[in-house]
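What follows is the residue order along each chain.
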Amino acid sequence: MAAHRPVEWVQAVVSRFDEQLPIKTGQQNTHTKVSSEHNKECLINISKYKFSLVISGLTTILKNVNNMRIFGEVAEKNLYLSQLIILDTLEKCLAGQPKDTMRLDETMLVKQLLPEICHFLHTCREGNQHAAELRNSASGVLFSLSCNNFNAVFSRISTRLQELTVCSEDNVDVHDIELLQYINVDCAKLKRLLKETAFKFKALKKVAQLAVINSLEKAFWNWVENYPDEFTKLYQIPQTDMAECAEKLFDLVDGFAESTKRKAAVWPLQIILLILCPEIIQDISKDVVVENNMNKKLFLDSLRKALAGHGGSRQLTESAAIACVKLCKASTYINWEDNSVIFLLVQSMVVDLKNLLFNPSKPFSRGSQPADVDLMIDCLVSCFRISPHNNQHFKICLAQNSPSTFHYVLVNSLHRIITNSALDWWPKIDAVYCHSVELRNMFGETLHKAVQGCGAHPAIRMAPSLTFKEKVTSLKFKEKPTDLETRSYKYLLLSMVKLIHADPKLLLCNPRKQGPETQGSTAELITGLVQLVPQSHMPEIAQEAMEALLVLHQLDSIDLWNPDAPVETFWEISSQMLFYICKKLTSHQMLSSTEILKWLREILICRNKFLLKNKQADRSSCHFLFFYGVGCDPSSGNTSQMSMDHEELLRPCTPGASLRKGKGNSSMDSAAGCSGTPPICRQAQTKLEVALYMFLWNPDTEAVLVAMSCFRHLCEEADIRCGVDEVSVHNFLPNYNTFMEFASVSNMMSTGRAALQKRVMALLRRIEHPTAGNTEAWEDTHAKWEQATKLILNYPKAKLEDGQAAESLHKTIVKRRMSHVSGGGSIDLCDTDSLQEWINMTGFLCALGGVCLQQRSNSGLATYSPPMGPVNERKGSMISVMSSEGNADTPVSKFMDRLLSLMVCNHEKVGLQIRTNVKDLVGLELSPALYPMLFNKLKNTISKFFDSQGQVLLTDTNTQFVEQTIAIMKNLLDNHTEGSSEHLGQASIETMMLNLVRYVRVLGNMVHAIQIKTKLCQLVEVMMARRDDLSFCQEMKFRNKMVEYLTDWVMGTSNQAADDDVKCLTRDLDQASMEAVVSLLAGLPLQPEEGDGVELMEAKSQLFLKYFTLFMNLLNDCSEVEDENAQTGGRKRGMSRRLASLRHCTVLAMSNLLNANVDSGLMHSIGLGYHKDLQTRATFMEVLTKILQQGTEFDTLAETVLADRFERLVELVTMMGDQGELPIAMALANVVPCSQWDELARVLVTLFDSRHLLYQLLWNMFSKEVELADSMQTLFRGNSLASKIMTFCFKVYGATYLQKLLDPLLRIVITSSDWQHVSFEVDPTRLEHSESLEENQRNLLQMTEKFFHAIISSSLEFPPQLRSVCHCLYQATCHSLLNKATVKEKKENKKSVVSQRFPQNSIGAVGSAMFLRFINPAIVSPYEAGILDKKPPPRIERGLKLMSKILQSIANHVLFTKEEHMRPFNDFVKSNFDAARRFFLDIASDCPTSDAVNHSLSFISDGNVLALHRLLWNNQEKIGQYLSSNRDHKAVGRRPFDKMATLLAYLGPPEHKPVADTHWSSLNLTSSKFEEFMTRHQVHEKEEFKALKTLSIFYQAGTSKAGNPIFYYVARSYLEEIQSGLLQGKIISIYEMLKSDIIHYELLCSISSLYKLSLQF
């Protein structure tokens, strides 16, 4: 369009510019501001090519806006803003006006635009609060207009002058003459103006003459200030024509000045006209003056007299002062070398001028303070430029007792000196640096008075606690009336802040001062500026203070804070500033918080630049770069996972304990060595994080994006600092990666508010590490959220009670600009931002809550974290998912409780919005770490919907809560949030889901109830899709119950519903129910209710028949409805599609049912293949096809199915993960009650040894035992499971060894004549009179030495299985859980568990355990151990007991200290330490390979398998809970548990029948005896026995009259070659299996010998 129809395109742009003006759109937001600026820039660029079109359009817009009628303060402000935007655009378009503008355009500008501009210059008077800004903007437009269109403007002025020569006195309009003040004037244009006015001056009326006099003076200064080089050249090369015009006009004006009043009016112009005549000034400076110049000389003489006070008139004195100031100012634009005469003229007047203007006792005043101030500023600046080192007037202005006007003049003069340095010979501001101290004092006093006068508290001081004592000032929409003095202090304060902004060095300079004093003065200066930032009643000062602080953070300025220690000072002062500002931001005490945040971002950029500059500095001088953030030695690599940047700090030492001496020395103290409080640097970092986090829920999109961009600069700082200290960046910022993602998202300017918040919450969920910053941000947000929630729920009552109606406008505006819910205690739900902010806060708390939960869980972080995992996991006790939920006082728990209550919020205005948003935020944005807490709270809440008898308490609120819960759970499970899988399984949802179904079942068949049931079925389907991630304690039982409930809903009201819509809903429920049932039945063995008295297989068969019949009926129903539809012409296609889908689901359900229950269901379903109905047969074939496709195994129909399932159960328990873990076995070990540990130890050792995995079992058990041991002395001393396993191993594998070792020794002591009458008692209190203590000690020592040497000499005979036990204890690898390696690799790369915890006693642990659990029990009780046939005599027993003490001391590597009578043996004990150590090393340092070990227990007795079944069944739920919370769940997943649960469901519950008092039950055939029997006869090693197992000689079927199982002996399977001993072992194994469960056996045998064999046992 721009190329083909340029005019229309330009007009469209102009029209869009017009539509986006504030007067049209109202208050602008960020988006409209950006769009308006874009259009403005577009118009400016277009004006370079289509100048006339753009200017014409803008002129029309300006005219229309000026003619608009407005009402109200807001409309007036929008009008003013619109006019400023238009004028600014016009000025920039005119400034770029092309040179080839046609004459027609020039005429258009004069006729159309110029009158509108004049309107602003002439009509905007002081009564309008925006008049000055509009006039300045309009003058800028006129200045740009006159640059290229001077002729048109000059023509208007000339025409007006001509008109004024003939008009009457009563009709004088001098407005056009006043245009001279604003136009662009160069030398040539000034000549034209002078010539024109000189030509017409005499004919003008008096009013017009005065207007010309005043306007020409300002035109002159326009020329000088815009073209100083031309004026300077005037004194280098005089211009005669200029001088002639000026002289002529001088004479005319001089003639006009007849009276004193007229003289006072014309003197300023006369001195300017005289300045334009350099040659005349040269002439009148001589003693002899030509006659034409006499009036000029007399003029100067009159000027001097009046200045000295001898003029006789105050008016003349004031006019003389003005004229002299003009002279001084003009002289500064002339180089001294070009004309020294004018400087002599200045010197002759300047002393009197300064005495007149700068007299504290008699201040100069003409009744117009602004004009007086401007005059004094011009004088002071000019005097400085003429004589910079003559600073007497500076001292007068700096004096504390001087008027505040003098201070104001001085500050503004310095600002002008700094900002206006156009000419080379003007002196620089550094000549005033010597007055820095006085200027700082002036700033402090002015700040104090200005803030105090506004009703606020005095200036803040940085207290020793290193925090600002902020004082909250009252925010008022309009500034309250103040006296003139307070106003003057505010103006002075604004000027001083601008001065700091212009040149910070002026107030930073500290000549000849020490470092601490310099740092103290800098701190005081920055403290004052920081206090001004939140001053809402002084917005202009606050803005300038931010700019000044930004300049103070530039590289050059920071170096001046304290040149002796710049880096330390930087951290100290800048951090305090950061802390204070961020604290104000988080407390929402700043109205323009978004702008302040933008400024804060610039501060962070400056900080990083400074850090980068000092990055390569000497480490000793920049150690503050590493003042916090590391919790460990970087070289060790052992860093803590939690909040490194908030746990450990390297506390620096700042030079000097006090940064300021004398007055106010508490303003800024050093953070060095502060005990009890963290350094301010750390506090600032934390508070900055808090502020940025809390801005993320701001309803203003721009504020959110700015906060996100600030995270980038935090990361940059961490990058710089980690480069200096050579540590990981995550030590400084644990959440560095997420912060960088926040920064990258901040570039998404085009995103909508909802999308941005969704992205923010996604990133918040990725925050992994709790820090002080994110925890405090969550807690502060939670407090504000609670307050907002109360206000919302109490609305409109809270609104009506919140104050006077007169304040409503103020509160609304304040709430819009600051936090809606944290400001004034009221909330307006009509303001959408209020509710949106509450929603954002809710999402923020949901997304970040998991980190706070982690913070509280990890509050006591252990310094020692072994490779096996955290202490809480190693101890086998879960971090309870209710740990936080159980403590109702935790903020996270309170928040979750409040959220659940809002799920049923019934607020009449916003109840629906709240419920919808809570449902969506909890279901989609909740941190996965909060899932366990949510599940438990939902479970507890829903459980209250039932009374003590289990009856449903049906209410609308309860139903609403249930419906919301269903929606939340479905969203949560559907939403595969990162990290959700890890947390979903930490709490079981079985109870909650069952209660949901139980509640929904009683809702009836109304439309809403059907919809809820349908949603619940969909939830069940989603739940089963996430089955691998969820935790089920009793999954099979739970799923069976769910199938029972959901199948009740199928066809519940299908046939009764008359309404078609209800029929559709019912069919939808049928569909959803069947889809849920399909997912539930997948791989589900039917599990009937226990205790119904029916045999397990029979109960399963009945249950299968129930479901199968239901599904068949459903298929028939589908067929009937299809037939009806076919007969009626198929009224609805949708119904047909529903029926087809329902039929498909039903077939799938039947397939899954039969697939998982072939053994109990095939007999009921096989007949369908021969059904007379063709469709039924087709359905069966379809089901059969599907189960075959699913890979159904029909081996469950075999005779050996029970044995196979037990075999698979053993395989599961002995299953080893990739990292060496034993998930099922270790879970069982952790949940079985201690009363069953003996049985469990026997079962585990037997099973694992049979699988050649005993080493792995021992390693896992011993590792856990060592980790839990408090000290070496407690290791294996208690009755732990590991101790019992060790004891069982010693008993089973070491019996033969002990027999061979100890039997000869014991028999010698008992039977040898040499030992017949020997006593071993060494306790003096127990000695008989005839016994000798020394002799008894020798006897005991002799026996002990004999036994000890026999033991340590038996290493070659030490059983290989026990070597494996000792070796495992000594060499159990710690790192096998941390890397995937084979068992062989783990054995070759071992790191001792004991060595890690107790390195000095590693081998001692082996010896201590071996003697304590193995050798000494056999020595002390040889009869009980089976070594002797009868008990030894008491004296021998006493000797053996004392000997065991000595042997145990040797093994423990300790001496006797408590028992006095044993101390004499310490020498013997000590002398054998090394020998014992060598023996222990010999038996523990080498482990035989698995193949070399004779696995005595490779045969598993049926009794052990049944015991395993019972242990697993009784502890199934606890195992599930343990695996869900333990690290093993993450390592191996939940597949092993699922398989175990499935097998247990197939096997059913173990039978529990009492053991009768029969000859079978009286037999003392314990499990260990059986294992010893099998070991002694080595039955397991014989091939015949292995073959015997495969022959199936015995099988069990049916029961006797007494209800006992009958075992049949299959005679045809018996082979003569089978030895009777082998058959005997098989019979024993059968007895072992059932010894605790049956009364007697009824063996029907056809061979009498077999019967006789059985009676022997």
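Our subject is the structure listed above.
Not measured: the values here are computed from a predicted model.

Peer 1: Looking at this structure, I do not really get the overall build of the protein chain. What am I missing?
Peer 2: The number of helices and strands found in the protein chain is 73 helices and two strands. Scored against the burial criterion, the 1657 residues of the protein chain give a buried share of 55%. In the form shown here, the protein chain has an accessible surface area of approximately 71,400 Å², with 50% of it arising from carbon and sulfur atoms.

Peer 1: Can you walk me through the packing of aromatic side chains in this structure?
Peer 2: Aromatic ring pairs are defined here through the distance separating the ring centres and the angle between the ring planes. Across all of its chains, the model carries 30 aromatic pairs by this definition. Taken together, a centroid distance of 6.0 Å and an interplanar angle of 80° make the contact between Phe-201 and Phe-256 edge-to-face. One end of the pair, Phe-201, is in the loop between helix H9 (187–200) and helix H10 (206–226); the other, Phe-256, is in helix H12 (residues 240–256), with 55 residues separating them in the sequence. Owing to a relative accessible area of 5%, Phe-256 belongs among the buried residues under this scheme. Between the aromatic rings of Trp-561 and Phe-570, the centroid separation amounts to 6.3 Å while the plane-to-plane angle is 25°, which identifies the pairing as stacked. On the accessibility criterion, Phe-570 (0% relative accessible area) is buried. If you follow Lys-329 out to its NZ or CZ, it ends over the ring of Trp-221, 4.5 Å from the centre. One residue, Arg-385, lies across the ring of Trp-426, its end atom 3.5 Å from the ring centre.

Peer 1: How should the pattern of salt bridges be read in this particular structure?
Peer 2: A side chain with one charge may pair with a side chain of the opposite charge, provided their charged atoms come close. For the structure shown, the criterion picks out 43 salt bridges. The salt bridge involving Lys-191 is made with Asp-241; its shortest N-O contact spans 3.0 Å. Of the two residues, Lys-191 sits in helix H9 while Asp-241 sits in helix H12, which places them 50 residues apart along the sequence. Look at Asp-241 and you get partly exposed, because its relative accessible area is 37%. Here Lys-598 and Glu-702 are joined by a salt bridge, their closest N and O atoms 2.3 Å apart. In this pair, Lys-598 sits in helix H28 (residues 593–613) while Glu-702 sits in helix H31 (residues 701–725), placing the two residues 104 residues apart along the sequence. Taken together, the salt bridges that share partners define one network made up of Arg-156, Arg-160, Glu-163 and Asp-176.

Peer 1: Looking at this structure, how should I read the side chain of Thr-332?
Peer 2: You can see Thr-332 is positioned in the loop between helix H16 (314–331) and helix H17 (341–357). For Thr-332, a relative accessible area of 4% gives the class buried. A distance of 2.5 Å separates a polar atom in the side chain of Thr-332 from the backbone oxygen of Lys-329.

Peer 1: I keep staring at the nonpolar core and nothing clicks. Help me out?
Peer 2: The nonpolar side chains of a soluble globular protein tend to be buried, and buried together. Grouped together as the largest cluster of nonpolar side chains are 351 residues, with contacts concentrated most on Phe-231, Ile-581, Trp-599 and Met-1023. The element contributing the most residues to this core is H31, with 13 residues. If we skip the residues at most four places from it in the chain, Trp-599 touches Val-533, Met-546, Glu-547, Leu-549, Leu-550, Met-577 and Ile-581. Judged by nonpolar contacts, the second largest core, of 108 residues, contains Ala-1229, Tyr-1255, Phe-1358 and Met-1540.

Peer 1: Explanation requested: helix H24 (residues 515–532) in the structure shown.
Peer 2: In an α-helix, one full turn covers 3.6 residues, which means residues spaced three or four apart are oriented alike. Between its terminal C-alpha atoms H24 stretches 26 Å, which fits the 26 Å expected from 18 residues at 1.5 Å a residue. Among the 18 residues in H24, 15 count as buried, and that is most of the element.

Peer 1: How should I be thinking about the environment of Lys-1291 in this particular structure?
Peer 2: Tracing the backbone shows Lys-1291 in helix H57 (residues 1281–1311). Sequence separation between Lys-1291 and Ala-1425 is 134 residues; the distance between their C-alpha atoms is 8.7 Å.

Peer 1: Is there a simple way to think about unusual backbone geometry in this case?
Peer 2: Apart from glycine, the bulk of residues carry a negative phi angle, and the bulk of peptide bonds sit in the trans form. Not every positive phi belongs to a glycine, and His-1453 is a case in point at roughly 65°. By the element assignment, His-1453 lies in the loop between helix H63 (1434–1452) and helix H64 (1466–1471). Judged by its relative accessible area of 43%, His-1453 falls in the partly exposed class.

Peer 1: What should I look at first to understand the packing of helix H20 (residues 404–419) against helix H22 (residues 484–502) in this one?
Peer 2: Axis angle and axis distance: for two packed helices, these are the angle between their axes and the distance between the axes, and together they describe the pair. At a minimum axis separation of 9 Å, H20 and H22 run at an interaxial angle of 25°. With respect to each other, H20 and H22 are oriented roughly parallel. Crossing handedness for the pair H20 and H22: left-handed. Residues Ser-404, His-407, Tyr-408, Val-411, Asn-412, Leu-414, His-415, Ile-418 and Thr-419 of H20 touch H22, and the partners they reach there are Ser-488, Tyr-489, Tyr-491, Leu-492, Ser-495, Met-496, Lys-498, Leu-499 and Ala-502. A breakdown of the residues in the contact of H20 with H22 according to their chemical character gives 10 nonpolar, seven polar and one charged.

Peer 1: What is the right way to read the environment of Pro-1550 from this model?
Peer 2: If you trace the backbone, Pro-1550 turns up in the loop between helix H69 (1535–1547) and helix H70 (1567–1577). In the structure, Pro-1550 is positioned 39 residues away from Leu-1511 in sequence and 9.5 Å away in space, judged by C-alpha atoms. For Pro-1550, the contacting residues outside a window of four places in its chain are His-1509, Arg-1510 and Trp-1513.

Rules used in this analysis
- Residues numbered from 1 in each chain as written.
- Predicted model: local features only at pLDDT ≥ 70, side-chain atom pairs only at ≥ 80, totals over all residues.
- Heavy atoms only, no water.
- Helix = DSSP H or I, 4+ residues; strand = E, 2+ residues; numbered from the N terminus.
- Buried < 20%, exposed > 50% of the residue type's maximum accessible area, 1.4 Å probe, protein only.
- Areas by Shrake-Rupley, 256 points an atom, 1.4 Å probe, with all protein chains shown as cover.
- Phe/Tyr/Trp six-rings, centres within 6.5 Å; stacked < 30°, edge-to-face > 60°.
- Lys NZ or Arg CZ within 6 Å of the ring centre and 35° of its normal.
- Salt bridge = Lys/Arg side-chain N within 4 Å of Asp/Glu carboxyl O.
- Polar contact = N/O pair within 3.5 Å; in protein donor to acceptor, adjacent residues only side chain to side chain.
- Core = buried A, V, L, I, M, F, W, Y, C linked by side-chain atoms within 4.5 Å.
- Contact = heavy atoms within 4.5 Å.
- Expected span 1.5 Å × (residues − 1).
- Axes fitted to C-alpha atoms, helices over the stretch in contact; angles between N-to-C directions.
- Parallel < 35°, antiparallel > 145°, perpendicular 65-115°, else oblique.
- Left-handed = near helix turned anticlockwise from the far one by under 90°.
- Nonpolar A, V, L, I, M, F, W, Y, C, P; charged D, E, K, R; others polar.

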